[in-house]
Amino acid sequence: MYRVLIADDESIIREGLKKIISWDSLGFEVIGTASDGRDAYRKINALRPDLCIIDIRMPGLDGLELISKIKKQNPDVKIIILTGYPEFGYAQKAVDLGVETFLLKPIDPVILEEKVKEIFVELEQERNLKYMLGKSIELSKERLIYQIVKGNLEKVPVEEINRIYNFQFPWKSYQIALLRFNDLNNVKNLDSVAMEIGKALEPSGYSFYVEDMVGILFKDFLCHYHKRELTSIKNLLKSRYGADFTVYIGKKVSQLEEIRDSFDSAMYLVKNKFWGGRKDIVIYPEKRRETKLEEEIEENEIIERIERAIECLDTNSLQEALELKLASCLTREGSEDQIRLSYLNIYLNVIHYFSSNYSGFKENSNDYLNEEVLNQFYKKESLLELNKFTEDSLFFVMEKFAEMSGKSLIFKVLEYIDSNYYTDLKLQDISQKFGYNSCYFGKLFKKSVGESFNTYLSKVRINKAKEFLLQDMKVLEVAEKVGYKDADYFIQKFKEHTGQTPKSFKEEMMSSF
């Protein structure tokens, strides 16, 4: 039962309020009355009621002053104001002080009962909240994180969690990682392992354990930085326990209430190894925000996008189409066989389109449709590997199409290098400019040109340097002109390619004229 105190300077009203409604049936008991403000203040401090019914005009201590004092000492107490003066000013001050409701005399029993019922619900919710918070205080930090991830502490105020555990919520983003050990025989106590991982990560991440795994709640996950942290932890545990594990990282979310979504997506990767493969760290792919993302993108549309991308030599659009395909697979969660067939279907349709519309493709169809290529669609061990293989295969088709149509992308790249050799050219920058994956571009460049990007760039620069040296320019001036800020490094590269220093080359060539 919740406790009620009634304060009014009229005895008839005090007695009437005790009988006007059935307090017991509403979950309350009247524990005392007071005839003036000072008496009320003393009794409220002594009896600690949950609900106070206070007349706004009383001798000794004004009702509003009394409420102010009460709320400072016990902000959780509920208050109903009674008054025969319905001025707005009183009502506004009472609301500002945290009063639950404002009733005019004479009191309508029906209205009072409704208000008391509402206050009962509020008190019950707060009681449950305090219980949950009390239980959370008993939890270790690891177990509390688990309760948050499972959505069991949604009603606990974030401010209280921060006060006790100093998590400093809210964060910019939240992301769950699950560490699944390859051999649990080497891990005797997951709880202690979780604590050890937590100490290594805080404050960028907090650990917990779930089932037979260790989980991590990452704060503002940065792929490259935190992957290095995870690799360090992996090496530490391997040396200490002989335990190896795979990390499954769920999708990034922006709200604390959405952490369960990140956890569920990480669990999805754990339970569907085809979606992750045998990598050390598997990350749930982010879906691209495209115009039709919220709708299901049909396979025919993806095929058409790929065909247009290849005809326009648009590598970015080709990659985007396959990212949409990847996102679609994760959303629909089809079977492994269905997904393999769908990727093969996309590839075969693209080959059929170009073979039907471009004679050069039909003549060289064995390059694209041999048994070795087709078997790869069934040999790839994960969705990500399958998607990457399809992307590489279609990039190969694009390059062949460029050659047949006289628009070789590599030729364009070489032209660009020849025109910009003196700038700070890097493989990653050029691959990005021409819409290539940098890893794929490096392999494609070497295959097409016969040497690596860096070797080719050095040759171009040294050949240009020879021309400038023969124009009687100084070595330092030539180094800067061909893109070398360090003259000593330029001399070293020049000697590697010609067997001579720039100075000896210049002297030898000048003497022959």
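Heads up: the structure comes first, above all this text.
Basis of the calculations
Residues numbered from 1 in each chain as written. Predicted model: local features only at pLDDT ≥ 70, side-chain atom pairs only at ≥ 80, totals over all residues. Heavy atoms only, no water. Helix = DSSP H or I, 4+ residues; strand = E, 2+ residues; numbered from the N terminus. Buried < 20%, exposed > 50% of the residue type's maximum accessible area, 1.4 Å probe, protein only. Contact = heavy atoms within 4.5 Å. Areas by Shrake-Rupley, 256 points an atom, 1.4 Å probe, with all protein chains shown as cover. Phe/Tyr/Trp six-rings, centres within 6.5 Å; stacked < 30°, edge-to-face > 60°. Pairing = 2+ DSSP bridges. Axes fitted to C-alpha atoms, helices over the stretch in contact; angles between N-to-C directions. Salt bridge = Lys/Arg side-chain N within 4 Å of Asp/Glu carboxyl O.

*Asks:* Looking at this model, I keep getting lost on the overall build of the chain. Mind explaining?
*Replies:* Helix and strand content of the chain: 23 helices and 10 strands. Of all 513 residues assigned to the chain, the portion counted as buried reaches 44%. Excluding contacts between residues fewer than 6 apart, the proportion of contacts in the chain whose partners are at least 24 apart in sequence is 65%. Approximately 26900 Å² of the chain is accessible, and the part contributed by carbon and sulfur atoms is 48%.

*Asks:* Would you take a moment to explain the packing of aromatic side chains for this structure?
*Replies:* Any aromatic ring pair is given by two values, namely how distant the centres are and how the planes are angled relative to each other. For the structure on display, the rule yields 25 aromatic pairs. Taking the centre distance of 6.3 Å and the plane angle of 40° together, the rings of Tyr146 and Phe208 count as tilted. Of the two residues, Tyr146 sits in helix H6 (residues 141-149) while Phe208 sits in strand S7 (residues 205-210), which places them 62 residues apart along the sequence. One exposure class covers both Tyr146 and Phe208, and it is buried.

*Asks:* What am I meant to see in the sheet that holds strand S3 (residues 51-55) here?
*Replies:* Across a sheet, paired strands are connected by hydrogen bonds in the backbone, their directions being either parallel or antiparallel. Ordered by their spatial adjacency, five strands build an open sheet running S2-S1-S3-S4-S5, and the pairing between neighbours is parallel. Strand pairing shows two members of the sheet lacking a second neighbour, strand S2 (28-34) and strand S5 (101-104), which therefore form its edges. On average, each strand axis in the sheet is tilted by 20° relative to the strand beside it, whichever way the strands run. Across five bridges, S3 lies against strand S4 (residues 78-83) in parallel orientation. Paired with Ile53 across the bridge in S4 is Ile80. Against the sheet, helix H1 (residues 11-19) makes contact with strand S1 (2-7), S2, S3 and S4, and its axis sits at roughly 175° relative to S2, the strand it touches most. Lying on the sheet, helix H3 (residues 63-73) is in contact with S3 and S4; it crosses S3 at an angle near 160°.

*Asks:* How do you make sense of unusual backbone geometry when you look at a structure like this?
*Replies:* Trans is the prevailing form of peptide bonds, just as negative phi is the prevailing case for residues other than glycine. Cis geometry marks the peptide bond from Lys105 to Pro106, where omega comes out at -5°. Tracing the chain through its elements places Pro106 in the loop between S5 and helix H5 (109-138). Omega for the bond connecting Phe169 with Pro170 falls within 30 degrees of zero, at 0°, which places this linkage in the cis form. Note that Pro170 resides in the loop between helix H7 (158-165) and strand S6 (174-181). Of note, Arg48 is a non-glycine position whose phi angle comes to about 55°, a positive value. Tracing the chain through its elements places Arg48 in the loop between helix H2 (37-47) and S3. Despite not being glycine, Gln168 has its phi angle at roughly 60°, a positive value. Tracing the chain through its elements places Gln168 in the loop between H7 and S6.

*Asks:* I tried to follow the pattern of salt bridges on my own but got confused; where do I start?
*Replies:* Opposite charge on two side chains permits them to pair, given that their charged atoms come into close proximity. One pass over the full model with this rule turns up 17 salt bridges. Between Lys105 and Asp8 there is a salt bridge; the shortest N-O distance is 3.0 Å. With Lys105 in the loop between S5 and H5 and Asp8 in the loop between S1 and H1, this residue pair connects regions lying 97 residues apart in the sequence. On the basis of relative accessible area, Asp8 is assigned to the buried category, the value being 0%. We note a salt bridge from Asp264 to Arg260, for which the minimum N-O separation is 3.0 Å. Highlighted residues: Asp264 and Arg260, both in helix H10 (residues 259-271), separated by four residues, approximately one helical turn. Residues joined by salt bridges that share partners form a network here, namely Asp8, Glu10, Asp55 and Lys105.

*Asks:* Explain the environment of Lys485 to me, please; I cannot follow it from the model alone.
*Replies:* Tracing the backbone shows Lys485 in the loop between helix H21 (475-481) and helix H22 (487-498). Overall, the relative accessible area of 81% leaves Lys485 in the exposed class. The spacing of Lys485 and Asp424 is 61 residues in sequence and 9.6 Å in space, taken between C-alpha atoms.

*Asks:* Is there a simple way to think about the pairing of S6 in this case?
*Replies:* Residues in a regular strand project their side chains so that they alternate between the two faces of the sheet. Counted residue by residue, S6 has seven buried out of eight residues, so it is predominantly covered. Bridge count between S6 and strand S8 (residues 213-219): seven bridges; the pairing is antiparallel. When the sheet's bridge partners are listed, Ala177 is paired in S8 with Ile216. Across five bridges, S6 lies against strand S9 (residues 245-249) in antiparallel orientation. Bridge pairing in S9 places Leu178 opposite Tyr248.

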